[in-house]
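Residue-level listing of the chains:
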Amino acid sequence: MMTIPGKACAECSLCCKVLEIEEFAKPAGELCEHCLQGQGCAVYHDRPQVCHDYECLWKNDRALGPQLRPDRVGTILMEDPDSDEYRAVCDPAKPMAWRNPLVFKHLVAMAKAGRIVVAKAGVKAWRVHPTGEWGPCI
Ligand code: SF4
Ligand code: SF4
């Protein structure tokens, strides 16, 4: 996929901490053992295919500005592969990062556009509604 100018991961490696990677048993919320904080992947040229293939939504959506880079807002925007949910996935250490005004405004806009919007941090999850109301998923 063509890289969009200004959309490099750069110092961000939030996905290397926040996401579960089943292929090599990395739990969600734990920094990958190969991740050098601020420097990226220590095994970049030999990284697993799943890492090679992964790109968060920020990287491919021109409408998401530089200020929404995941490490800047503590939130990874992504489609859930198993449902229709549009997700804001946060570091369990900062579970309410999705309440950042920039992120929250975007989430409400997505809900208004008809998406099922869910914020997640570890096992916790919240639904964001088109009205701007939000609450825990039950
Ligand atoms: S969360 Fe997105 S911007 Fe950050 S390292 Fe992963 S793919 Fe790159
Ligand atoms: S192997 Fe590299 S790219 Fe994959 S999660 Fe670990 S640090 Fe990130």
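Here's what I pulled together on the structure shown here. (Residues numbered from 1 in each chain as written. Chains lettered and ligands numbered in written order. Predicted model: local features only at pLDDT ≥ 70, side-chain atom pairs only at ≥ 80, totals over all residues.)

## A few points about the sheet that holds strand S5 (residues 116–121)
Just so we agree on the cut-off: At least two bridges found by DSSP between two strands are what make those strands a pair. The helix count covers DSSP runs of H or I at least four residues long, the strand count covers runs of E at least two residues long, and both are numbered beginning at the N terminus. Only C-alpha atoms enter the line fits that serve as axes; for helices the fit covers just the stretch in contact. Angles between N-to-C directions range over 0 to 180 degrees.
Read across the open sheet, the 5 strands follow the order S3-S4-S5-S6-S7; overall the sheet is mixed. The outermost strands of the open sheet, each flanked by one partner alone, are strand S3 (75–79) and strand S7 (134–136). The average angle at which neighbouring strand axes cross in this sheet is 25 degrees, direction not considered. One ladder, built from 6 bridges, connects strand S4 (residues 85–90) with S5; its direction is parallel.

## Quick word on unusual backbone geometry
Worth spelling out the cut-off: Exposure classes come from backbone-placed C-beta atoms, where a residue is buried if 20 or more other C-beta atoms lie within 10 Å of its own, exposed if 12 or fewer do, and partly exposed in between.
Positioned with a positive phi, Ala10 is a non-glycine residue whose angle comes to about 50 degrees. The residue Ala10 is located in the segment before helix H1 (15–18) in this model. What makes Ala10 exposed here is the crowd of 12 C-beta atoms within 10 Å. The backbone phi angle of Ala25 is positive, close to 50 degrees, even though this residue is not glycine. With respect to the helices and strands, the residue Ala25 is situated in the loop between H1 and strand S1 (35–36). C-beta crowding within 10 Å serves as the criterion here: with 7 such atoms nearby, Ala25 is assigned to the exposed category.

## Observations regarding helix H5 (residues 101–112)
As a reminder of what qualifies: To estimate the expected span of a helix, count its residues, drop one, and scale the result by 1.5 Å. As used here, the arc belongs to the directions running from the helix axis to the C-beta atoms. Note on contacts: each residue gets a C-beta atom placed from the backbone, and two residues are in contact if those atoms are within 7 Å.
With 12 residues, H5 extends 16 Å from end C-alpha to end C-alpha; this agrees with the ideal 16 Å at 1.5 Å per step. Those residues of H5 that fall on the buried side of the exposure criterion are Val103, His106, Leu107 and Ala111. Axial view of H5: buried residues confined to an arc of 140 degrees, hence all on one face. In H5, the exposed residues that point more than 90 degrees away from the buried face are Pro101 and Lys105. On its buried side, H5 packs onto helix H4 (70–73), S3, S4, S5 and strand S6 (124–128). Looking one or two residues past H5, Gly114 carries a phi angle of roughly 105 degrees, positive in sign.

## So, the site of ligand 2
As a reminder, the rule being used: Residues are counted as near a molecule or strand when the C-beta atom, derived from backbone positions, lies within 6 Å of that molecule or strand. Classes in brief: Ala, Val, Leu, Ile, Met, Phe, Trp, Tyr, Cys and Pro nonpolar; Asp, Glu, Lys and Arg charged; the others, Gly included, polar.
Around ligand 2 sit Cys16, Ile21, Cys32, His34, Cys35, Cys41, Val43, Arg47, Pro48 and Cys51, and that is every residue in its neighbourhood. For the shell around ligand 2, a count of residues per class yields 8 nonpolar, 1 polar and 1 charged.

## A short note on the site of ligand 1
Taken together, Cys9, Cys12, Ser13, Leu14, Cys15, Glu55, Cys56, Trp58, Lys59, Arg69, Pro70 and Ile76 form the complete shell of residues around ligand 1. Class assignment for the residues of the shell around ligand 1 results in 8 nonpolar, 1 polar and 3 charged.

## Some words on the nonpolar core
Formally: Residues enter a nonpolar core if they are buried, belong to Ala, Val, Leu, Ile, Met, Phe, Trp, Tyr or Cys, and are joined to the set through C-beta atoms within 7 Å.
The biggest cluster of nonpolar side chains holds 27 residues, and the ones touching the most others in it are Ile76, Ala88 and Leu107. Looking at this core, the elements that each hand over two or more residues are H1, S3, S4, H5 and S5. Ignoring anything within four residues of it in the chain, the contact list for Ala88 reads Thr75, Leu77, Trp98, Val103, Leu107 and Ala119.

## Describing the pairing of S5
For the record, the criterion: Assignment of crossover handedness uses the view with strands pointing away from the viewer, where a clockwise path from the first strand over the helix to the second indicates a right-handed crossover.
Within S5, 5 of the 6 residues are buried, which leaves the element mostly enclosed by the surrounding structure. In this fold, the crossover linking S4 to S5 by way of H5 has right-handed handedness. Relative to S6, S5 runs antiparallel, the two sharing 5 bridges. Bridge pairing in S6 places Val117 opposite Val128.

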